Amino acid sequence: MKPLIITLAFIFTLPCSIYTQKNDFNWLFGNTYTNATGICEVGVGTNHIDFGKDSLVINCLKESHIFRPDGSMASISDDEGNLLFYSDNMDIYNARHEIMKGGDSISICAEYDFYYTHTRGKPTAQCLIILPYPGQEDRYIIVHQAPNRRLNSGSFTRVEETLYSIIDMSGDNGLGEVIKKNEVLIEERFAACKLRAVRHANGRDWWIPIPLEGAPFFYVFLLDPEGIHLHHIDTIHRPVQLLLPFNFKPSPQGDMFVLVIDETRTWGPPHPTYPVTIQSISFDRCSGKLELSNEFRIDASNLYKLIFVEFDPNGRFIYLPHVKYIYQIDIRDPDPLSTLDTVAVHSEDPDLFIRSSFLKIGLTPKGQIIVISSGGYQHTLIANPELKGKSSNVLQHTLISPKLVNELPYFPNFRLGPIDNSPCDTLGINNEPK
């Protein structure tokens, strides 16, 4: 059987659940200027997953022919799961896949003109995030960054300023209108596009902690009905300056962040002896306080590129894809390193015309985890990531994408409600079924 050709519509049945906030139910991702199976022409369309469907299938969204989502990407849907708008950190597109009124030219940087016409867009991930504006029903805010090249490097890693734009969905006859654009939130050198958000314990507002580049500080912003503003700065010891590749993910419960730092690399070849450092950082959803709770190192010279991480939906296990392996760690265990387990070894598909390996990773709104392949088209599904070891059920070559994939979108947990009976549970907001 040749799955690359005939299993484009491979169906994996999702469990039946009740979801009340489906703001993350539309994923758009992948390089428009590729074509795996003939379903999507080169230069037309992008990958699309609609999690409102009964089955998990990566389809081709042909209408999205001008979207350049190979790097930064974000989208937002209404509570019923209907796509509202999306962005590639260059333009903002409405549900008709047209540039939204006022939505052109966001995150201007020195290389903007070149990358606007480049086939892959800005080669940077996680440089924007879309959140509902607290207390304003039809409004959304995009927090976004304009990365620039590091000196003597081709990498887009330096962020000199963080911006925001506001969308009013009542504008342009319900298609949305950008009413504020490229407003400067702060001029500060943050680490390489690591935008994350966690719902405040009151169930309405949002915390947005951003790590500073090269220093042990996290700038913690708060989005509330008054707008977005710097709330405080936390100091978290880090073993190295964050000039090295790293990743930063919150648990679905919002009570912890995991920071993975690849010390095997500098901006040159991999170092043969430096380890990978993993930090668990507790997070107080009432105060926005970050505090280092655990730190351990994986000392192995073959762990080059071990920086991508994702939680299981219960927030107990983390998964780390690394080229030919997927590792699982019980991050809640007092000795997390002792729980390190290899849950998958990459099996090369003989029909794949290019070599592939495990690459980026993302938790879906239905509780499975997708691991994309560096080969681009055949991807892995962790069907039961809440279970320990091989019971997590890693299914390789299961998902076929019409377009090459180098990045996955990041979404905060929109279904995270207030912490009941906490000092911050003051707004009368009820936790809804997940």
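The structure reproduced in this document is the subject of the present report. (Residues numbered from 1 in each chain as written. Predicted model: local features only at pLDDT ≥ 70, side-chain atom pairs only at ≥ 80, totals over all residues. Heavy atoms only, no water.)

**A few points about the pattern of salt bridges**
Scanning the model with the defined rule gives 11 salt bridges in all. A salt bridge links Asp255 to Arg332; its shortest N-O distance comes to 2.9 Å. Highlighted residues: Asp255 in the loop between strand S17 (246–250) and strand S18 (256–262) and Arg332 in the loop between strand S23 (325–330) and strand S24 (341–345), separated in sequence by 77 residues. On the basis of relative accessible area, Arg332 is assigned to the partly exposed category, the value being 35%. (Salt bridge = Lys/Arg side-chain N within 4 Å of Asp/Glu carboxyl O. Helix = DSSP H or I, 4+ residues; strand = E, 2+ residues; numbered from the N terminus. Buried < 20%, exposed > 50% of the residue type's maximum accessible area, 1.4 Å probe, protein only.)

**Some thoughts on a negative patch on the surface**
There is a patch of like negative charges on the surface, built from Asp79, Glu80, Glu137 and Asp138. In this structure, Asp138 sits in the loop between strand S9 (128–132) and strand S10 (139–149). The exposure class of Asp138 is partly exposed, given its relative accessible area of 40%. (Patch = residues over 30% accessible without salt bridge, like charges linked within 9 Å, V, L, I, M, F, W, Y side chains within 5 Å. Areas by Shrake-Rupley, 256 points an atom, 1.4 Å probe, with all protein chains shown as cover. Lys, Arg positive; Asp, Glu negative; His and termini not counted. Charge placed at Lys NZ, Arg CZ, Asp CG, Glu CD.)

**Quick look at the environment of Phe218**
Along the chain, Phe218 falls in strand S15 (residues 217–224). As for Phe218 and Thr235, which are separated by 17 residues in sequence, their C-alpha atoms are 6.3 Å apart.

**Some remarks on the sheet that holds strand S13 (residues 198–199)**
Reading across the sheet, the 4 strands line up as S13-S14-S15-S16 and stay open at both edges, with antiparallel pairing between neighbours. Pairing within the sheet leaves two strands with one partner each, and these edge strands are S13 and strand S16 (227–235). The pairing of S13 with strand S14 (residues 206–211) spans 2 bridges and is classified as antiparallel. Paired with Arg199 across the two strands is Trp206, which belongs to S14. (Pairing = 2+ DSSP bridges.)

**Thoughts on the environment of Asn384**
Mapped onto the secondary structure, Asn384 falls in the loop between strand S27 (378–382) and strand S28 (394–400). Owing to a relative accessible area of 25%, Asn384 belongs among the partly exposed residues under this scheme. Taking the C-alpha atoms as reference points, Asn384 and Pro313, 71 residues apart in sequence, are found 9.4 Å from one another. Residues within four places of Asn384 in sequence aside, it is in contact with Tyr319, Ser391, Ser392 and Asn393. (Contact = heavy atoms within 4.5 Å.)

**Focus on the sheet that holds strand S19 (residues 276–283)**
Taken together, 4 strands build an open sheet; the order of strands is S17-S18-S19-S20 and the sheet is antiparallel. This sheet does not close on itself; its edge strands, each paired only once, are S17 and strand S20 (290–298). The mean inter-strand angle of the sheet, taken between neighbouring strand axes irrespective of direction, is 15 degrees. Here S19 runs beside S20; their pairing, made up of 8 bridges, is antiparallel. In the sheet register, Ser282 faces S20, and the bridge partner there is Glu291. (Axes fitted to C-alpha atoms, helices over the stretch in contact; angles between N-to-C directions.)

**Points about the state of the cysteines**
Each disulfide consists of one covalent bond between the sulfur atoms belonging to two cysteines. For the structure shown, the criterion picks out 1 disulfide. In this model, Cys286 is linked to Cys424 through a disulfide, with the two sulfur atoms separated by 2.3 Å. Of the two residues, Cys286 is situated in the loop between S19 and S20 and Cys424 in the segment after S28; the sequence distance between them amounts to 138 residues. (Disulfide = S-S within 2.5 Å.)

**Let's talk about the packing of aromatic side chains**
The full count for this structure, using the stated rule, is 13 aromatic pairs. With centroids separated by 5.8 Å and ring planes inclined at 75 degrees, the aromatic side chains of Trp206 and Phe414 adopt a geometry described as edge-to-face. On the criterion of sequence distance, the pair formed by Trp206 in strand S14 and Phe414 in the segment after S28 is long-range, its members being 208 residues apart. Judged by relative accessible area, Trp206 falls into the buried class, the value being 0%. (Phe/Tyr/Trp six-rings, centres within 6.5 Å; stacked < 30°, edge-to-face > 60°.)

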